[in-house]
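Residue-level listing of the chains:
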Amino acid sequence: MSLLKIKEVFWRGSDPFHSAWRLSNDKIRLTVMKLGGHIAQISDDTDEAVNPLWQPHWDSKDASKIPYDGTASLKRGWVMAKNFGGDAESALLAGIVGHNLCIDRFGPPRMIEYQQGKFTKQKQEWRPVHGEAGVLPWVVESQDNEQFRIKVELPEAKLAVSRCFQLDGQHVNLETTVTPTDGIEKEIEWCEHVTIGDPFLDGAQIEADVKGAWMFPEKLESSRFPNIPPLGEVPFSEAIKIPGKTDPPCGDVITSAVNDGYFKVSNHGKTLAYSWSKEDFPWLCLWTEHLSRTGLPWEGVERTRGLEFSSKAFPEGEPPAERKSEFQGVSTSCHIPVSGRTTNVSISWM
């Protein structure tokens, strides 16, 4: 392993919630946000000019102060939530950047039943979109000149999450361990949500090895493929294409089952590559946003490509019975035993 240097910095602002850790080794540089644990930057250690990861145009805010249901319950922070859509996505959007970890949800909160007198009613579970990991403060667990480990506890999910970063030349080894805090095994949703943004996105070429691609389960009005029905198959060679800057607004979500767990994104003479075990993450979800979201905070100007490797096929709520354990013969479940579960992801910037 390369000698690891760690420095506390600010990213996209100078308020306490902009605090981050910068990890470097003279070859590669990572910036990891303290709030949400997002990987905000991957670049050469000597040149920050090229960062492939998405940086939203809006000013970030303290996500930990925004209620998980946005403005629905008028809890403290609901006024701030209005600037980020006023719903369950608000807390995440307030601080999102680059690569975010989705646990124990990949998609919106589920609806849960409760009794009110003689009546059975439904309400939204108390979680933000994609779970708590992306909106809570992370803290340092341990560090030395070879590794840097951070952690967060998710009170609603009853999970402890630890991330360990090791830098080796132009490569990063990212080890993540998820453990129940209540001694009870769990079925969760787990996604490593990598989002590419401009200027790296414009003209980028993407490579991945998959065995089929399918439309989101619900009809999306701005889809690039309006004639393909929900869950209809899409040619992956078309799905992987990135709209050009002057193309009409569009946006969709398409999932693909991986043959080999990796993707590469190349542009400006550089390549960002991720690799993982397909036993951990058998799905690669493609999120395309091209000027189509016009409400706050999007304002019709964002361009992104999400490359989201996941245990679950789609970022939907609780899947129906026919997709709860598998889809197209591929697993859609993620079991966390009492002893915990560890995954390993390799990140390269060359």
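Check the entry above for the structure.
Residues numbered from 1 in each chain as written. Predicted model: local features only at pLDDT ≥ 70, side-chain atom pairs only at ≥ 80, totals over all residues. Heavy atoms only, no water.

Draft legend 1. Here's a closer look at the pattern of salt bridges. Evaluation of the coordinates by the stated rule reveals 23 salt bridges. When the shortest N-O distance is used, the salt bridge between arginine 127 and aspartate 104 registers 2.9 Å. Placement of the pair is arginine 127 in the loop between strand S7 (119-124) and strand S8 (139-143) and aspartate 104 in strand S5 (residues 99-104), with a sequence separation of 23 residues. Here arginine 127 and aspartate 104 have matching classes, each one buried. With its nearest N and O atoms 3.6 Å apart, the salt bridge here joins arginine 293 to glutamate 289. Taken together, the shared-partner salt bridges in this structure form one network comprising Arg110, Glu189, Lys312, Glu318 and Lys324. (Salt bridge = Lys/Arg side-chain N within 4 Å of Asp/Glu carboxyl O. Helix = DSSP H or I, 4+ residues; strand = E, 2+ residues; numbered from the N terminus. Buried < 20%, exposed > 50% of the residue type's maximum accessible area, 1.4 Å probe, protein only.)

Draft legend 2. Structural detail: the nonpolar core. Judged by nonpolar contacts, the single largest core of 92 residues is most densely connected at Ile42, Phe165, Phe263 and Tyr274. With near-sequence residues (within four places) excluded, isoleucine 42 lies in contact with Ile28, Arg29, Leu30, Val50, Asn51, Pro52, Leu53, Leu272, Tyr274, Ile347 and Trp349. In terms of nonpolar packing, the next biggest core, distinct from the first, is built from six residues, Trp11, Ala20, Ala40 and Val97 among them. (Core = buried A, V, L, I, M, F, W, Y, C linked by side-chain atoms within 4.5 Å. Contact = heavy atoms within 4.5 Å.)

Draft legend 3. How the structure looks around unusual backbone geometry. For the peptide bond that leads from isoleucine 103 to aspartate 104, omega is 0°, which places it in the cis range. In this model, aspartate 198 is joined to proline 199 through a cis peptide bond whose omega is 5°. Note that proline 199 resides in the loop between strand S13 (189-197) and strand S14 (205-215). Unlike most non-glycine residues, glutamine 328 shows phi in positive territory, near 55°.

Draft legend 4. Spotlight on the pairing of strand S17 (residues 283-290). Burial of S17 is extensive: eight of the eight residues sit out of reach of the surface. On S17, burial covers both faces: Trp283, Cys285, Trp287 and Glu289 on one face and Leu284, Leu286, Thr288 and His290 on the other are all buried. In the sheet, strand S15 (residues 250-267) pairs with S17 via eight bridges, with the strands oriented antiparallel. Residue pairing for S17: threonine 255 is matched across the bridge by cysteine 285. Here S17 pairs with strand S18 (residues 303-310) via eight bridges, running antiparallel. (Pairing = 2+ DSSP bridges.)

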